[in-house]
Amino acid sequence: MEIKTKKKSMTNHDNSIRISGAEAVIRCLLEEGADLVYGYPGGAIMPIYDELYKYQDKLHHVLTRHEQGAAHSAQGFARTSGKVGVAMATSGPGATNLVTGIADAQIDSTPMVCITGQVASHLLGSDAFQETDIIGISTPVTKWNYQITKASEIPEIMAKAFYIARTGRPGPVLIDITKDAQFDSLDFSYKKCIGIRSYTPTAKLSNKSIEEALELINQAEKPFVVWGQGVILGNAEDELKIFLEKSGIPAAWTILGLSALPTNHPMNRGMVGMHGNYAPNILTNECDLLIAIGMRFDDRVTGDLNTYAKQAKIIHLELDPAEVNKNVVVDVALISDCKISLQELNKKIKTKVYPNWIKRFDDLDKIEYDKVIKHDLHPKKEGLTMGESIEMINKYSKNDAIIVTDVGQHQMVACRYAKFSQTKSNVTSGGLGTMGFALPAAIGAKMGAPRREVVAVIGDGGYQMTIQELGTIFQQQIAVKIVVLNNDFLGMVRQWQQLFFDKRYASTEMVNPDFVTIAKGFRIKAKRVEKRDDLETAISEMINSKEPYFLEICVEKEDNVFPMIPSGASVSDIRLE
């Protein structure tokens with residue numbers, strides 16, 4: 001592959017300097033603007049950590065308590081900062097412990113560079129102590145990976161890694177560096193990568209496709225927009241807002257698209273998907289034009305593909321050509337950065353209103369409110385609900401917090417009821433559905449947006465998968481707020497067991513420890529709430545705290561999340577109870 005490069009200022013580009021491969025790695029990170037790295041040291045990466053010790057004033061290293069925590073923290077940082085997250089680990093189990101976070105980043109298009117140490121090159125393939133073929137293991141879940149065996153390769157490969165991670169559809173890159181390459185020396189100079197011959201991050205937008213899309217939009221009587229995370233990754237929030245306001249088209253979001261448009265915007269009609277809102281799911285199968293922006297028609301959004309939007313013409317604004325016509329065959333594809341596509345549409349789109357179509361949304365919204373929402377947010381039963389807990393967080397964060405969620409019932413409830421006023425406010429594991437994501441991701445999210453309030457909303461199951469990262473929060477004094485919605489169950493699995501397996505609650509009931517005592521053991525302020533009368537005071541105290549804070553909210557054990565589309569069913573088959 002031919003790599004195009006350009007020089008970037010650092011010490012002395014006219015005359016290269018002789019340094020070790022390990023120091024070259026640190027200098028490469030600094031050249032790429034990386035001043036924060038999450039990781040865990042070990043034998044095969046020790047030379048890099050030794051050099052890192054000398055650069056502590058320029059490159060801040062966060063020692064997580066597990067390598068998975070390092071990967072998720074790097075993800076959280078990338079999602080709120082818009083920068084490339086960086087994680088480091090040693091060979092063998094250190095490297096394999098990163099894989100869950102790498103896989104999560106791949107499917108959720110999160111830019112991340114992971115650096116792993118490796119045994120010396122002469123030991124490769126010998127089953128040496130802590131040797132694992134991390135290149136082979138990570139190939140299916142990385143955008144690109146590469147094993148460096150010579151120090152001289154480091155600058156070029158590191159430049160390429162950051163370029164690939166951040167351009168086009170973002171994703172994770174893994175660079176594996178043998179120990180001898182770290183010890184060996186090279187003549188170091190750095191040239192930033194600006195292009196690779198065989199890699200085209202963004203396709204040129206077709207003018208013909210724009211005209212075809214405009215024709216379909218102007219003819220439509222019941223148009224509907226579904227947007228995804230591509231809007232956020234493409235920094236196209238303003239363009240989306242202009243498009244919706246000018247066109248008058250109602251819109252809904254996928255779980256990763258949440259917060260691209262303020263929650264209270266009149267064109268924002270809620271969430272599509274398995275636990276999405278009633279109106280946008282039902283009306284997906286009634287619209288005459290579906291405009292998909294920066295989303296990939298995931299199965300949790302479409303349900304049964306044989307019945308999905310068959311009555312509609314479909315326009316797909318998508319950066320990655322591999323996603324076009326993969327799940328849903330479309331009539332017009334605008335293959336480019338959605339910011340560019342929306343800008344072109346906005347130049348010529350006609351201003352319209354659709355009163356009867358909008359009223360259809362309003363009528364279905366009222367049905368959902370009466371059947372579901374008012375009982376979630378204003379319950380008459382004695383036990384606390386997840387919905388009212390999220391609503392109280394909205395109140396005291398003034399709809400301006402970054403909400404980081406784990407995976408399960410609490411995730412769906414938080415995404416349904418959290419209110420946002422600015423973008424990059426929803427951080428969750430979408431495609432992979434990784435339990436244990438939220439606590440370490442919240443660490444990265446807070447460090448990526450230090451001036452914003454960050455609230456991690458977690459279930460009692462997922463919380464215990466990465467609970468050790470309380471140690472990272474304590475050591476770094478990261479002022480994240482942790483809310484565990486505790487129903488003493490693996491709630492989402494239990495819901496499926498109740499609805500589809502005759503209430504056979506096999507291995508889903510949790511016998512939990514004293515979470516408050518554990519938090520206090522890490523010197524984190526902690527409180528437990530069991531009664532509604534205590535909820536508002538506790539959340540107010542948590543949000544107003546300038547330090548890390550843990551709050552356990554004991555909620556109803558057998559509450560279910562509705563609406564719900566049963567797995568494999570049509571979006572029209574959405575259930576309200």
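Let me sum up the structure you'll find in this document. (Residues numbered from 1 in each chain as written. Predicted model: local features only at pLDDT ≥ 70, side-chain atom pairs only at ≥ 80, totals over all residues. Heavy atoms only, no water.)

### Points about the overall build of the chain
This is how it is decided: Only DSSP runs of H or I reaching four residues or more are called helices, and only runs of E reaching two or more are called strands; each is numbered from the N terminus. Within these notes, the globule rule equals 2.2 Å times the number of residues to the 0.38 power, and the radius of gyration is based on C-alpha atoms. Burial classification: accessible surface area is computed with a 1.4 Å probe over protein chains only, and a residue below 20% of its type maximum counts as buried, one above 50% as exposed, and the rest as partly exposed. The accessible surface values rely on the Shrake-Rupley method and a 1.4 Å probe; as for residues, cover is taken only from the protein chains in view. As used throughout, the charge tally considers Lys and Arg to be positive and Asp and Glu to be negative, leaving His and the chain termini uncounted. To locate a charge, take NZ of a lysine, CZ of an arginine, CG of an aspartate or CD of a glutamate.
Within the chain, the regular secondary structure consists of 23 helices and 22 strands. Against the globule reference of 25 Å for 577 residues, the chain gives a C-alpha radius of gyration of 24 Å, in line with a compact fold. Each principal axis of the C-alpha distribution contributes one length, and for the chain these read about 70 × 65 × 40 Å. Burial status across the chain gives 60% buried among its 577 residues. Put simply, the chain shows about 23000 Å² of open surface, and 49% of that area lies on carbon and sulfur atoms. Both charge centroids of the chain, one from 65 positive and one from 70 negative side chains, sit 4 Å from each other.

### Considerations on helix α3 (residues 67–81)
We count it as follows: To estimate the expected span of a helix, count its residues, drop one, and scale the result by 1.5 Å.
Given a rise of 1.5 Å per residue, 15 residues ought to cover 21 Å, and the 21 Å separating the end C-alpha atoms of α3 matches this to within 8%. Burial of α3 is extensive: 14 of the 15 residues sit out of reach of the surface. Backbone geometry just downstream of α3 places Gly82 in the positive-phi region, at approximately 80°.

### Some points on the pairing of strand β5 (residues 85–89)
Let me state the cut-off plainly: Note on pairing: two strands pair once DSSP finds at least 2 bridges between them.
Among the five residues of β5, five are classified as buried, and the element is accordingly described as predominantly covered. Every second residue of β5 is oriented toward a common face, with Gly85, Ala87 and Ala89 on one face and Val86 and Met88 on the other, all of them buried. Sheet topology places strand β3 (residues 36–39) next to β5; two bridges connect them, and they run parallel. In the strand pairing of β5, Gly39 is matched with Met88. The sheet contact formed by β5 and strand β6 (residues 112–118) spans five bridges and is parallel. Its bridge partner lying in β6, Met88 is registered against Ile115.

### Describing the packing of helix α1 (residues 21–31) against helix α2 (residues 46–54)
Threshold: For helices, the fitted axis covers only the stretch in contact; all axes are lines through C-alpha atoms, and the angles between them, taken along N-to-C directions, range from 0 to 180 degrees. Any angle that falls under 35 degrees is termed roughly parallel, while one over 145 is termed roughly antiparallel, one within 65 to 115 roughly perpendicular, and all others oblique. A clockwise turn of the near helix away from the far one marks a right-handed crossing, whereas an anticlockwise turn of less than a right angle marks a left-handed crossing. The criterion used for residue contact is that any of the two residues' heavy atoms lie within 4.5 Å. Gly is placed with the polar residues, together with every amino acid not listed as nonpolar (Ala, Val, Leu, Ile, Met, Phe, Trp, Tyr, Cys and Pro) or charged (Asp, Glu, Lys and Arg).
Interaxial distance between α1 and α2 falls to 8 Å at its minimum, and their mutual angle equals 60°. Taken as axis vectors, α1 and α2 run oblique relative to one another. The two elements α1 and α2 meet at a crossing, and its hand is right-handed. Counting all contacts with α1, which are made through Ala22, Glu23, Val25 and Ile26, the residues of α2 involved are Pro47, Ile48, Glu51 and Leu52. Tallied by class, the residues present in the contact of α1 with α2 amount to six nonpolar, no polar and two charged.

### Side note on the nonpolar core
Under the convention used in this document: Nine residue types can take part in a nonpolar core, namely buried Ala, Val, Leu, Ile, Met, Phe, Trp, Tyr and Cys, and a core is a set of them joined through side-chain atoms within 4.5 Å.
Grouped together as the largest cluster of nonpolar side chains are 101 residues, with contacts concentrated most on Phe243, Ile291 and Ile293. Counting residues per element, this core draws most heavily on helix α15 (residues 355–377), which supplies six residues. Sequence-distant contacts of Ile291, that is, excluding residues within four places in its chain, are made with Ile217, Phe224, Val225, Val226, Phe243, Ile249, Ile315 and Leu317.

### Observations regarding unusual backbone geometry
The omega torsion of the bond from Phe562 to Pro563 falls at 0°, within 30 degrees of zero and hence cis. Relative to the elements of secondary structure, Pro563 occurs in the segment after β22 (549–554). You will see that Lys398, though not glycine, has its phi angle at about 55°, which is positive. Despite not being glycine, Lys424 has its phi angle at roughly 55°, a positive value. Along the chain, the position of Lys424 falls in the loop between α17 (409–417) and β18 (426–427).

### Details of the pattern of salt bridges
Condition: Salt bridges are identified by distance alone: a Lys or Arg side-chain nitrogen within 4 Å of an Asp or Glu carboxyl oxygen.
In this structure the tally under the stated criterion is 31 salt bridges. Across the pair Glu239 and Lys339 runs a salt bridge whose closest N-O atoms are separated by 3.1 Å. Of this pair, Glu239 sits in helix α11 (residues 237–247) while Lys339 sits in helix α14 (residues 338–348), placing them 100 residues apart in sequence. Salt bridges sharing common partners tie together Arg169, Asp320, Glu323 and Lys326.

### A closer look at the sheet that holds strand β16 (residues 332–335)
Read across the open sheet, the six strands follow the order β13-β12-β11-β14-β15-β16; overall the sheet is parallel. The open sheet terminates on both sides in strands that have one partner only, identified here as β13 (268–271) and β16. Neighbour-to-neighbour, the strand axes of the sheet open up by a mean angle of 20°, direction not taken into account. Strands β11 (223–227), β12 (251–253) and β14 (289–293) of the sheet are contacted by α11, whose axis makes an angle of about 165° with β11. This element, α15, spans β11 and β13 of the sheet and lies at about 45° to β13.

### Looking at the side chain of Glu318
Basically, it comes down to this: Polar contact is defined as a pair of N or O atoms within 3.5 Å, subject to the rule that within protein one atom must be able to donate a hydrogen and the other to accept it, and that residues adjacent in sequence are counted only when both atoms are side-chain atoms.
Within the secondary structure layout, Glu318 lies in strand β15 (residues 313–318). Notably, Glu318 is buried but unbridged: the nearest opposite-charge side chain belongs to Arg169, and the N-O separation is 5.1 Å. Among the polar contacts made by the side chain of Glu318, one reaches the main-chain amide nitrogen of Asp320 at a distance of 2.9 Å. The residues contacting Glu318, other than those within four sequence positions of it, are Gly294, Met295, Glu323, Val324, Leu334, Ile335 and Ser336.

### Some points on the sheet that holds strand β8 (residues 172–178)
Read from one edge to the other, the open sheet built from six strands follows the order β4-β3-β5-β6-β8-β7, with strand pairing classed as parallel. One side of each edge strand has no neighbouring strand; the edge strands of this open sheet are β4 (60–63) and β7 (144–148). Taken over all neighbouring pairs, the strand axes of this sheet differ in orientation by 20° on average, direction set aside. Packed onto the sheet, α2 meets β3, β4, β5, β6 and β8 and runs at close to 125° relative to β5. The strands that helix α7 (residues 154–166) touches are β5, β6, β7 and β8; relative to β7, the one it contacts most, it runs at about 170°.

In short, geometric facts, not functional conclusions.
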